[in-house]
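Structure assessment
The lines below spell out each chain.
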Amino acid sequence: KITIPFPIRTLEINRRQASTPQQEHQQTKTILEGDALFNCLTSEQLDHLIAGSRQMHFGRGERIIEEGAEGASMFVLLQGTAAVSISQNGNMVQVGSLRMGDCFGEMSLLTGEKRTATVRAEEDCEVIEISKPAMAAVLREAPECVNQLSELLATRKMETEGVLKDAAQGFVQEKKEREYRATFLRRLRSVFEL
């Protein structure tokens, strides 16, 4: 009449409190309002953009975008962190990291170029994916944003190339910025048929 003590395991599940769709929408809107890419949009236009986009979840280690792939959308990181890496000589080299509120993939969406880097979730991430049709609808409502977007893209392209770091060549920088601005303006109008 000996009872054998079986091992007991207590499992404790912690779930974050579910937020309502209105709360999620407002949190997303707050994050987008803080980004220079969306400064030119009104509150109502942001609402339309969010409604036309979808929220996605990625687990730790999952690829969100892959270098060299076609891209018809951009992403905004709502929660978590992600690593940005590029392929060099067959190896993946990390060149940056993304935090809440950071945008990525915008060059592919806005200019039609292929993805220039791989973005992988470092921890569980929540992102909003803004598709080309959703962005096109908003840009048709606010065509004045196209000029602002072209300037922003030109600046980001120059930062990527390291041109802004070399302030000694002011004239070259100014000329290159004008060229990029004009190029991006043409691409935006072409991609979104404006």
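Everything that follows concerns the structure shown earlier in this document.
This one's a predicted model, so the numbers in the text were calculated from it and none came from an experiment. (Residues numbered from 1 in each chain as written. Predicted model: local features only at pLDDT ≥ 70, side-chain atom pairs only at ≥ 80, totals over all residues. Heavy atoms only, no water.)

1. Describing the pairing of strand β8 (residues 125–131)
Buried residues dominate β8, accounting for 6 of its 7 residues. Of the pairings in the sheet, the one linking strand β3 (residues 73–79) to β8 comprises 6 bridges and is antiparallel in character. The residue bridging Phe-75 from the neighbouring strand is Glu-129, located in β8. (Buried < 20%, exposed > 50% of the residue type's maximum accessible area, 1.4 Å probe, protein only. Helix = DSSP H or I, 4+ residues; strand = E, 2+ residues; numbered from the N terminus. Pairing = 2+ DSSP bridges.)

2. A short note on the side chain of Thr-81
Within the element layout of this structure, Thr-81 appears in the loop between β3 and β4 (82–88). A polar atom in the side chain of Thr-81 sits 3.4 Å from the side chain of Glu-123. The residues contacting Thr-81, other than those within four sequence positions of it, are Leu-98, Arg-99, Ala-121, Glu-122, Glu-123 and Cys-125. (Polar contact = N/O pair within 3.5 Å; in protein donor to acceptor, adjacent residues only side chain to side chain. Contact = heavy atoms within 4.5 Å.)

3. Comments concerning the pattern of salt bridges
Should the charged atoms of two oppositely charged side chains come close, the side chains can pair. The final tally for this structure, using the stated rule, is 4 salt bridges. We note a salt bridge from Glu-129 to Arg-54, for which the minimum N-O separation is 2.8 Å. Remark: Arg-54 occurs in strand β1 (residues 54–58) and Glu-129 occurs in strand β8; sequence separation between them is 75 residues. When the shortest N-O distance is used, the salt bridge between Glu-70 and Lys-114 registers 3.7 Å. With a gap of 44 residues between them, Glu-70 in the loop between β2 (63–65) and β3 and Lys-114 in the loop between α3 (106–111) and β7 (118–121) connect regions that are remote in the sequence. Taking relative accessible area as the criterion, Glu-70 reaches 61% and is therefore assigned exposed. (Salt bridge = Lys/Arg side-chain N within 4 Å of Asp/Glu carboxyl O.)

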